[in-house]
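If you want the building blocks of each chain, they are given just below.
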Amino acid sequence: MRLSKITTRTGDDGTTGLADGSRLPKDSPRIEAMGALDELNSWLGLLLVEPLPESLGLPLLAVQHALFDLGGELAIPGRNSMSEAQIIALEQTQHDLNAALPPLREFVLPGGSRAGALCHLARAVCRRAECCLVALSHLEPVTPTSLKYLNRLSDLLFVMARTINRAGEAPESLWENDSDRTLMS
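The numbers attached to residues start from 1 for each chain and follow its sequence in the written order. The model is predicted, so local features are restricted to residues of pLDDT at least 70 and side-chain atom pairs to those at 80 or more, both for listing and for counting; the totals for chains, interfaces and linings are taken over all residues. Heavy atoms throughout the structure, all of them, feed into the side-chain values; hydrogens and water do not.

Student: What should I look at first to understand the packing of helix 2 (residues 54-75) against helix 5 (residues 144-167) in this one?
Tutor: A pair of packed helices is captured by two measures, namely the crossing angle of their axes and the spacing between those axes. Viewed as axis vectors pointing N to C, helix 2 and helix 5 meet at an angle of 155 degrees, and their least axial separation amounts to 12 Å. Taken together, the axes of helix 2 and helix 5 are roughly antiparallel relative to one another. In terms of crossing hand, the pair formed by helix 2 and helix 5 is left-handed. Along its contact with helix 2, which presents Leu-56, Pro-59, Leu-60, Val-63, Ala-66, Leu-67, Leu-70 and Glu-73, the element helix 5 presents Ser-146, Tyr-149, Leu-150, Leu-153, Leu-157, Met-160, Thr-163 and Ile-164. In this classification, Asp, Glu, Lys and Arg are treated as charged, Ala, Val, Leu, Ile, Met, Phe, Trp, Tyr, Cys and Pro as nonpolar, and every other residue, Gly included, as polar. Each residue belonging to the contact of helix 2 with helix 5 can be placed in one class, and the counts come to 13 nonpolar, 2 polar and 1 charged. The angle between two axes is taken between their N-to-C directions and runs from 0 to 180 degrees, where each axis is a line fitted to C-alpha atoms and a helix contributes only its stretch in contact. Secondary structure elements follow DSSP: runs of H or I no shorter than four residues count as helices, runs of E no shorter than two count as strands, and numbering proceeds from the N terminus. Throughout, the term roughly parallel applies to angles under 35 degrees, roughly antiparallel to angles over 145, roughly perpendicular to angles from 65 to 115, and oblique to all others. Handedness of a helix crossing follows the sense of rotation of the near helix relative to the far helix, less than a right angle counterclockwise being left-handed and clockwise being right-handed. In this analysis, two residues are considered to be in contact whenever any of their non-hydrogen atoms come within 4.5 Å of each other.

Given below as structure tokens:
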């Protein structure tokens, strides 16, 4: 189905249509999860316009397509569009990128370069999208593959943020466990 008419006015009553023709309130858990996926995909789109290591472009584009598939899965209740192969691809990419990074001895604060910070932001939105999907799973069936995909994706985005910062020679800020820390003016 192609969208030829963007403004339909059918949502003016606070509902939105799913791809199967059913309508839900715009604040339903299913719509909340779809919105979080859309936001995540948008942050990834912003990240992709930044200068990035060449090795990240295709995997991030593949993730954008997978997130669109997952949104489609939510738009058609009962549909399963995510595969174990997509999860394996995330895991392999994460493993390959992480192998080139120094080991962590402490938590990393989000930041570094602009692109690294955007990737950390996408990771945080991914975690929220995962929470939305888990909340939906308590009310309606959600494919385990979809939940697993978002869990792995947040790991990959963390490693990608570190990769971006290392490639751009942006130092990582490490969390300091110091209860006496004070804010500097």
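Student: Where do I start with the pattern of salt bridges in this structure?
Tutor: Should the charged atoms of two oppositely charged side chains come close, the side chains can pair. For salt bridges, the criterion is a side-chain nitrogen of Lys or Arg within 4 Å of an Asp or Glu carboxyl oxygen. For the coordinates displayed, the defined rule picks out 5 salt bridges. Here Arg-128 makes a salt bridge to Glu-39, at a shortest N to O gap of 2.6 Å. In this pair, Arg-128 sits in helix 4 (residues 114-137) while Glu-39 sits in helix 1 (residues 29-48), placing the two residues 89 residues apart along the sequence. Here Arg-128 falls in the partly exposed class, since its relative accessible area comes to 35%. With relative accessibility at 30%, the residue Glu-39 sits in the partly exposed group. Residues Glu-91 and Arg-152 are paired through a salt bridge, measuring 2.7 Å at the closest nitrogen-oxygen approach. Within this pair, whereas Glu-91 is found in helix 3 (residues 84-99), its partner Arg-152 is found in helix 5, the two being separated by 61 residues in sequence. A relative accessible area of 33% means that Glu-91 is categorised as partly exposed. Here the term buried applies to any residue with accessible area under 20% of the maximum for its type, exposed to any over 50%, and partly exposed to those in between, with areas from a 1.4 Å probe on protein chains only.

Student: Explain the environment of Met-82 here, please?
Tutor: Residue placement: Met-82 occurs in the loop between helix 2 and helix 3. Remark: the alpha-carbon pair of Met-82 and Pro-144, spanning 62 residues in sequence, is separated by 9.3 Å.

Student: Whenever I open this one, the packing of helix 1 against helix 4 confuses me. Can you help?
Tutor: The geometry of helix 1 relative to helix 4 is characterised by a closest axis approach of 9 Å and an angle of 165 degrees between their N-to-C directions. For the element pair helix 1 / helix 4, the angle class is roughly antiparallel. For the pair helix 1 and helix 4, the sense of crossing is left-handed. The residues of helix 4 that touch helix 1, namely those facing Pro-29, Arg-30, Glu-32, Ala-33, Ala-36, Leu-37, Glu-39, Leu-40, Trp-43, Leu-44, Leu-46 and Leu-47, are Ala-115, Leu-118, Cys-119, Leu-121, Ala-122, Val-125, Cys-126, Arg-128, Ala-129, Cys-132, Leu-133 and Leu-136. Broken down by class, the residue content of the contact of helix 1 with helix 4 amounts to 20 nonpolar, no polar and 4 charged.

Student: Help me understand the side chain of Gln-64 in this model?
Tutor: Summarising the element assignment, Gln-64 is placed in helix 2. For Gln-64, a relative accessible area of 17% translates into the label buried. In this structure the side chain of Gln-64 is engaged in a polar contact, spanning 3.0 Å, whose partner is the side chain of Asn-41. Sequence-distant contacts of Gln-64, that is, excluding residues within four places in its chain, are made with Asn-41, Leu-44, Gly-45 and Leu-48. Polar contact is defined as a pair of N or O atoms within 3.5 Å, subject to the rule that within protein one atom must be able to donate a hydrogen and the other to accept it, and that residues adjacent in sequence are counted only when both atoms are side-chain atoms.

Student: Is there a simple way to explain the nonpolar core in this structure?
Tutor: Most often, soluble globular proteins keep nonpolar side chains buried together rather than apart. Judged by nonpolar contacts, the single largest core of 38 residues is most densely connected at Leu-40, Leu-44, Leu-67, Tyr-149, Leu-150, Leu-153 and Leu-157. Only helix 1, helix 2, helix 3, helix 4 and helix 5 provide two or more residues apiece to this core. The element best represented in this core is helix 4, accounting for 10 residues. Beyond its immediate chain neighbours, meaning those up to four positions away, Leu-157 contacts Leu-40, Leu-44, Leu-60, Cys-119, Ala-122, Arg-123 and Cys-126. Buried Ala, Val, Leu, Ile, Met, Phe, Trp, Tyr and Cys residues that are joined via side-chain atoms within 4.5 Å together make up what is termed a nonpolar core.

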